[in-house]
Each structure stands twice: as structure tokens, then as C-alpha cells.
Amino acid sequence: DCFVAYRQIRATDDLYLVSCFDDEVLDSMVHSVMIRTFFGGMILFAVIVFVFFGTWRRDVEISSLVEKLAYEDNVTGGKNLNYFKDVAPEIISESREHRFCIYRFDILKFRYINEAYGHIKADRVLVACIEEFNRIYGAKEICVRIHSDQFLALVSNDDTVDMRYHEYLKAVDS
């Protein structure tokens with residue numbers, strides 16, 4: 001068995017070049033080309049997948065960082081005013097059957113706490129205000145630090161609103 005190929009020689013009308021190859025020689029040549037092509041394609045595919053997942057992971061990290069910078073308070077680790085502005089209307093519109101209160105409050109003479117105990121301990125007081133709020137109030141109620149020692153809270157105005165308010169004051173006062 002052999003493979004025969006022919007081609008007309010340029011600049012002639014009647015002359016042809018005829019080539020004969022043993023099938024095994026041709027098969028080995030084609031086989032080696034196919035193997036190199038297959039492995040080259042696999043390497044190219046692996047590189048594309050690696051680049052795709054690397055880019056996707058980096059995009060997720062950057063999106064997370066942007067959201068953190070946009071919505072997280074850098075002192076308390078809680079949420080900030082931007083978060084309140086975005087989420088409070090959603091909470092209110094999703095719970096039309098409930099009434100809500102908005103509290104704006106600050107810490108009395110916080111400047112003296114800063115001066116007497118230092119910024120680190122004063123920051124712990126701010127963190128405690130957010131933590132105690134999260135402990136006492138529900139998931140659909142939010143409290144954010146606006147700036148300095150000022151906070152803004154959205155709470156459900158139900159039968160327990162006064163009791164929870166006094167429990168919160170007692171918790172942060174101690």
C-alpha cells in the first residue's frame with residue numbers, strides 16, 4: 001500500500017511530478033502532526049481557562065473591595081450612611097405593612113471619652129454601639145455610623161419599640 005500524489009510542474013503543459021509514499025511513513029507523519037496539534041490545543045485551552053479564572057477571581061476581589069469601601073464604616077466595621085441610603089428604602093418598601101422609626105443619635109460628650117481614654121478605647125465604644133444594636137434589633141432594622149459619634153437607625157415601630165429602645169440605652173450606657 002502506498003500513497004500517490006501528483007502535481008503539474010509550472011511552466012510546462014505536459015509534465016507532472018509524481019510522489020509515492022509508503023502508507024506507514026505518511027501515517028507516522030500525520031500522526032505526529034496530530035499529536036502535536038492536540039497537545040498544543042490542550043495547552044492553549046489550559047492557558048485560556050487559567051486567564052479566564054484569574055480574571056474572574058480578580059474581578060470578584062475588586063468588586064468586594066469596592067463594596068466594602070462604599071458601604072463599610074472603617075472605624076466600627078459596621079455599615080455607613082451610603083448603605084443606609086441604599087438599603088433603608090428597600091426595607092421600607094418590602095415591609096409596607098410595618099411602620100418604621102428613624103433614630104438619629106450621638107454619644108453625649110464623646111469628645112471627653114476620646115481625650116480621657118484615647119482614640120482606641122473611644123473607637124471601641126463606637127463598635128459597641130453597633131454591636132449592641134445588632135444584638136437587640138432584628139435583621140430588617142439597621143444602624144449606621146454617620147460620622148464621628150453620630151448614628152442613624154431604622155427600626156420597626158411595633159409594640160416592642162420602646163422596650164427595645166430602653167434595652168439599647170441601658171446596654172450602651174454601661
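Residues numbered from 1 in each chain as written. Predicted model: local features only at pLDDT ≥ 70, side-chain atom pairs only at ≥ 80, totals over all residues. Heavy atoms only, no water.

*Asks:* Help me understand the pattern of salt bridges, please; the structure alone is not making it clear to me.
*Replies:* Close approach of charged atoms allows side chains with opposite charge to pair. Taken as a whole and judged by the stated rule, the model has eight salt bridges. Where arginine 58 meets glutamate 61, a salt bridge forms, and the shortest distance between an N and an O atom there is 3.4 Å. With arginine 58 and glutamate 61 both in helix H1 (residues 23-71) and three residues apart, the pair spans about one turn of that helix. Judged by its relative accessible area of 39%, glutamate 61 is partly exposed. The partner of arginine 164 in a salt bridge is glutamate 141, and the shortest N-O contact between them spans 2.8 Å. One end of the pair, arginine 164, is in helix H5 (residues 161-173); the other, glutamate 141, is in the loop between helix H4 (119-136) and strand S4 (142-147), and 23 residues separate them in sequence. Judged by its relative accessible area of 9%, arginine 164 falls in the buried class. Here the salt bridges do not stand alone but share partners, grouping Arg57, Arg58 and Glu61 into one network. (Salt bridge = Lys/Arg side-chain N within 4 Å of Asp/Glu carboxyl O. Helix = DSSP H or I, 4+ residues; strand = E, 2+ residues; numbered from the N terminus. Buried < 20%, exposed > 50% of the residue type's maximum accessible area, 1.4 Å probe, protein only.)

*Asks:* Just to check I follow, could you spell out the environment of phenylalanine 151 for this structure?
*Replies:* With respect to the helices and strands, the residue phenylalanine 151 is situated in strand S5 (residues 150-156). Under the relative-accessibility criterion, phenylalanine 151 is labelled buried at 0%. Sequence separation between phenylalanine 151 and asparagine 80 is 71 residues; the distance between their C-alpha atoms is 9.1 Å. Ignoring anything within four residues of it in the chain, the contact list for phenylalanine 151 reads Tyr103, Arg104, Phe105, Ile107, Leu126, Cys129, Ile130, Cys143, Val144, Arg145 and Ile146. (Contact = heavy atoms within 4.5 Å.)

*Asks:* It is not clear to me how the sheet that holds strand S3 (residues 100-106) should be interpreted in this structure. Could you clarify?
*Replies:* Strands pair in a sheet through their backbones, by hydrogen bonds, and they do so in one of two ways: parallel or antiparallel. Here three strands make up an open sheet; going across it, the order is S3-S5-S4 and the pairing antiparallel. Strands with a single pairing partner mark the edges of an open sheet, and in this sheet they are S3 and S4. The mean inter-strand angle of the sheet, taken between neighbouring strand axes irrespective of direction, is 20°. Across seven bridges, S3 lies against S5 in antiparallel orientation. By the bridge assignment, aspartate 106 is partnered in S5 with glutamine 150. Running at roughly 20° to S3, H5 makes contact with S3 and S5 of the sheet. (Pairing = 2+ DSSP bridges. Axes fitted to C-alpha atoms, helices over the stretch in contact; angles between N-to-C directions.)

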